Every structure is written in structure tokens, then in C-alpha cells.
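Residues per chain, in single letters:
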Amino acid sequence: MNVSVPDIYIAAEFYCLMKKTLLLTVCLVWSIISAVYSRPLIDSLTKKRLFTALNAFLVAKEGPNKENKFVLKQDLLSMSALIDEMKGMDKNVKLKDNNYYRSYLTNIVDLNKNSFLVQVSYIGINDKAAVLRASFRLIARKQDTSFYFSAPLEQNTLAWKAKKIGNINFHFKDTLDLNEAKAYLKFVDFCDKKLDVKPEPIEYYECDNFPETLQILGVDYKSDYNGIKYDDITSHENNATLEISGGYTAAQRFDRHDLWHDRLHMVMPVDSINRPVDEGCAYLYGGSWGKTWPEVLALFKKYVADHPDADWLKLYGESTNFYTEGQKTFKVDYILNALIVQKIDREKGFAPVKALLSCGKREPGDENYFKVLEKVCGITKANFNDSIRGLIKQN
Ligand SMILES: [Zn+2]
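Chemist: Looking at this model, I keep getting lost on the overall build of the protein. Mind explaining?
Modeler: What the protein contains, in helices and strands, is 15 helices and 13 strands. Burial analysis of the protein (395 residues in total) assigns 34% to the buried set. Long-range contacts, defined here as pairs at least 24 residues apart, represent 59% of the contacts in the protein between residues at least 6 apart.

Chemist: Could you clarify how one ought to interpret the nonpolar core in this entry?
Modeler: As a rule of thumb, soluble globular proteins bury nonpolar side chains together. Counting residues in hydrophobic clusters, the biggest one holds 84 residues, and the most contacted among them are L82, F149, L217, I244, I335, L336 and V341. Broken down by element, the residue count for this core peaks at 9 residues, all from helix α12 (residues 332–348). Contacts of V341, omitting those with residues within four sequence positions, involve V277, G280, C281, L284 and V353.

Chemist: Can you help me understand the environment of N179 in this one?
Modeler: Within the element layout of this structure, N179 appears in helix α6 (residues 178–195). Judged by the 9 C-beta atoms lying within 10 Å of it, N179 is exposed. A C-alpha to C-alpha distance of 9.8 Å links N179 and R253, two positions 74 residues apart in sequence.

Chemist: Quick question: what am I supposed to make of the packing of helix α9 (residues 275–286) against α12 here?
Modeler: Two elements in contact, α9 and α12, have axes whose closest approach is 7 Å; the angle formed by their N-to-C orientations is 70°. Considering their axes alone, α9 and α12 lie roughly perpendicular with respect to each other. Each of P276, V277, E279, G280, C281, Y283 and L284 in α9 lies in contact with α12, whose residues at this interface are D333, Y334, I335, N337, A338, I340, V341 and Q342. Residue composition of the contact of α9 with α12, by class: 10 nonpolar, 3 polar and 2 charged.

Chemist: In this structure, what is going on with helix α7 (residues 210–217)? I would like to understand it.
Modeler: A turn of α-helix holds 3.6 residues, and therefore any two residues three or four places apart point the same way. Turning to α7, its buried residues are F210, T213, L214, I216 and L217. In the core, the buried residues of α7 are packed alongside α4 (76–86), α5 (153–156), β8 (202–206), β9 (219–222), β10 (232–237) and β11 (240–245). Two residues or fewer past α7, G218 is found with a positive phi of approximately 115°.

Chemist: Looking at this model, I keep getting lost on α9. Mind explaining?
Modeler: Between the first and last C-alpha of α9 there are 15 Å, a value that for 12 residues agrees with the 16 Å anticipated at 1.5 Å per step. Most of α9 sits out of view: 11 of its 12 residues are buried. Burial in α9 covers these residues: P276, V277, D278, E279, G280, C281, A282, Y283, L284, Y285 and G286. Among the structural elements, α8 (256–267), α10 (293–306), α12 and α13 (351–357) are those in contact with the buried residues of α9. Positioned one or two residues after α9, G287 has a phi angle of 65°, which is positive.

Chemist: Looking at this structure, how should I read the sheet that holds strand β6 (residues 161–165)?
Modeler: Picture the strands of a sheet paired through backbone hydrogen bonds; they go either parallel or antiparallel. The strand order across the open sheet built from 5 strands is β6-β7-β8-β11-β10, with neighbouring strands paired in mixed fashion. The open sheet has two edge strands, β6 and β10, and neither has a second partner. Across the sheet, the mean angle separating the axes of adjacent strands is 15° when strand polarity is ignored.

Chemist: What is the right way to look at the environment of M79 in this model?
Modeler: Within the secondary structure, M79 is located in helix α4. For the pair M79 and G218, spaced 139 residues apart in sequence, the C-alpha to C-alpha distance is 9.6 Å. When residues no more than four places from it in sequence are discounted, the contact partners of M79 are V71, F149, S150 and A151.

Chemist: Would you mind showing me how to read the confidence of the model for the protein here?
Modeler: Interpreting fine coordinate detail is not advised for predicted regions of low pLDDT. With 90% of its residues at a pLDDT of 70 or more, the protein shows a mean pLDDT of 90. Under a pLDDT of 50 for its full length, residues 1–6 has, in the predicted model, 13 contacts with residues more than four places off or in other chains. Across residues 14–37, where pLDDT falls below 50, the model places 25 contacts with residues more than four positions away in sequence or in other chains.

Chemist: Just checking my understanding: could you explain the pairing of β11 for this structure?
Modeler: Looking along a regular strand, one sees side chains alternate from face to face of the sheet. Of all 6 residues making up β11, 5 are buried, and the element is well covered by its neighbours. As defined by bridge partners, β8 adjoins β11 across 5 bridges and the pair is classed as parallel. From the neighbouring strand, Y204 faces β11, where its bridge partner is E243. The turn linking β10 back onto β11 is made up of 2 residues, and N238 within it adopts a positive phi angle of 50°.

Chemist: I'm lost on unusual backbone geometry in this one. Help?
Modeler: Glycine aside, a negative phi is what most residues show, and trans is what most peptide bonds show. The backbone of N112 sits at a positive phi, close to 75°, despite the residue not being glycine. Looking at where N112 falls in the secondary structure, it is placed in strand β2 (residues 102–112). For K113, which is not glycine, the phi torsion reads 50° and is therefore positive. Of note, K113 is situated in the loop between β2 and β3 (115–126).

Chemist: Whenever I open this one, the packing of α8 against α9 confuses me. Can you help?
Modeler: A pair of packed helices can be characterised by two numbers: the angle between their axes and the separation between those axes. One way to put it is that α8 packs onto α9 with a least axis distance of 8 Å and a crossing angle of 135°. Between α8 and α9, the angle is such that the two are oblique. The two elements α8 and α9 meet at a crossing, and its hand is right-handed. In contact with R256, H257, L259, W260, H261 and L264 of α8, α9 contributes D278, C281, A282, Y285 and G286. Grouping the amino acids of the contact of α8 with α9 by side-chain chemistry returns 6 nonpolar, 3 polar and 2 charged.

Procedures and definitions
Residues numbered from 1 in each chain as written. Predicted model: local features only at pLDDT ≥ 70, side-chain atom pairs only at ≥ 80, totals over all residues. Helix = DSSP H or I, 4+ residues; strand = E, 2+ residues; numbered from the N terminus. Buried ≥ 20, exposed ≤ 12 C-beta atoms within 10 Å, placed from the backbone. Contact = placed C-beta atoms within 7 Å. Core = buried A, V, L, I, M, F, W, Y, C linked by C-beta atoms within 7 Å. Axes fitted to C-alpha atoms, helices over the stretch in contact; angles between N-to-C directions. Parallel < 35°, antiparallel > 145°, perpendicular 65-115°, else oblique. Nonpolar A, V, L, I, M, F, W, Y, C, P; charged D, E, K, R; others polar. Expected span 1.5 Å × (residues − 1). Pairing = 2+ DSSP bridges. pLDDT = per-residue confidence, 0-100. Left-handed = near helix turned anticlockwise from the far one by under 90°.

Next up, the structure:
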């Protein structure tokens, strides 16, 4: 068969490779082969067409999701979330090898009515040992001679309940945490009003934890997420949002900080956003790393007290941490922007904040940032230290 890059390997080829290298895995690989080949439920022409379509889909997945011709518009919202998870899985960034992990088709099951369950794994060989990068589960739908791919989210949550509050459709297994659902609705509304986002439908799935989030979306395994208990996955397509929440902390269902980023990215091109200003807004409206804004501010004030002669312009330029907790860092440039945004918003409203947010990506020397900063609130490099000392005093 003429196979385009990235080559998909069927389980049998993988089996031969593995037999030579890792005897311990033979049982597992053999059981996959038995399932696919000893009970031939799928005719060879269908299998060949599915294989070819899947190959082409795996190449197309690196492009813009909405232009992927193997995804139907009605499936795009959930499939976009799954494709985002699949992007770049061939690459080994450390070794700068773009085709280090190869895609293996490990399972095809005929689900009837022209639907097939397809499982794909990305595996690399390191020192004769197999390294699993990620494993995904997709639904392939046959239409005439073509195949379209979708995420199994709907099938995996058929038994779930749903409750609509405002423009949000909450999907849950047993009982919806109403307080958190209302808090989520309120915070989305807050962000949307600041950013002039028109209310749009949100499909919100409330999972117990992040492993469940991955499981219902169709991510069987992804090495990035080993050991992660709480996180969420989102997508935005067809003027609708998907939020699959795997919790945030033991007490909070969702992360206000990341939700701010998500809402901003819906209305402002990512390339135009100045990251320290975006993070400043996220600190101010959503705290950071599970800490609320007042808690983050209290940590910063302790840093201020311990560093009475701080050169804020220098610390801003160097993106110094004012507090760390394990791998969680809290940055001076982010919190100074939180204070600046708070001042501008109080005095002049959010329009000038938007101008600062969209001043362009951070560049050495921050000339683009200071040019707009002076225009919207009069703060310059020359008066930066005095202005910041004034802002700290007010908080
Ligand atoms: Zn952030």
C-alpha cells in the first residue's frame, strides 16, 4: 500500500519488531493481533480504505482543526479537543526528531451501522525498549467510500445526565455540584463582559478527576499527564465551547486563571497578546496555582517587605520569581501587570487594558509594551520604579 508520512504500522508489524526486542510484551501484542485478525469481521477492502483514510487524517491533524477534511462539522467541537491532544505526538523534542514516535494501528472493531472503533498508539524504540508516547481511541464513520473521524465523547457519556443553566449545558454522572456550576457561569459571564464576548453555548462535562476527562474524550494514555489528578481540556469551534473539567483542587471544580486565558484567546489573536499582561489579568481575576488573588498578593507583599530596595524595572525585565513552591512559580512581571491592570481598569475601564494586552508578543527590552503603557496610563521606563512603589502602597 502507498502510505504517506507519518506511516501507520499495523499491530502485526509491531509484533515482529517487538518479538525481536521485548519478549515481555509478546502476550499483550499477541492478544491485540488475535482480536483483529483471528476473527475477520471487517472485509479487506473496508479495512484498506479505513487504513488509508486514517493515515491521511494523521497527516492532516497537524493543520488547523477546522480545515481537517476528515472531520464533519457536527463532530468538530469534541474532535478539535482530541486532535489538539494528538498534535505533535510523532515528535521527540529533546532529540529534535520529528518522526521519533511512530503511529501503530492497534485495534479496529466494527461497531455496526458503518461505525468502527479505532485505536492508535504512538511508540518509539529507545535502546531496544519500546516507549509508549500516547494512545488514542477514535470513532471512524464510513460514508460511501470515505471515512470521517470523531471523538468517542458522546458514546462514552450516553448514560450521563444533563442540566441547562443559562447558556451552559452541564453534563454530569450523578449529582451536579450546583454551587460550583453557578460560580462557573458567573465567572464566564464576568470574563465575557470584560472582553465583549457574545454569550455562546458551552458544553460542560463534570468529571471526578483528570484521568476521567482523558478517558471520556478518547485519550487512553499520554505520557505528559502521568500522575496528574486535576486538569481540564477545552476547545472552541462553530461558535461553541467544550469544557471537560477534571477538577482543579479538592475544593474547586474549575481554574479561573486558565479560564481567563481561554476566554481571551477566543477574541484576541494569540500572536498579538503580550503574555505578562495576560498573566497579570489571570492573577488578578483568577489567582494562580490554586491560590486566590488576595493570597498571591500577600505573598508578593512579603517579598516587597524583604526587598525594600527592589529595582522593579530590572526585576520586570528579568521576569524574576517572587515566590516558588516546588515547580510552581509566581513572577514579578505578572504581578506588576496585575497591579497596573487593576489601576487602568478602575480609572479608565477595560478598553485601554485591551490595548495593552494586544501590544504584541514580549520582545527583549519590552519596547512595544512600554510604548502602549505610556499611552494608556503614563507609566514609562523612567518613572516605572516610582509608579510601582505607588501602586504597591495602594494595595
Ligand atoms: Zn497563566
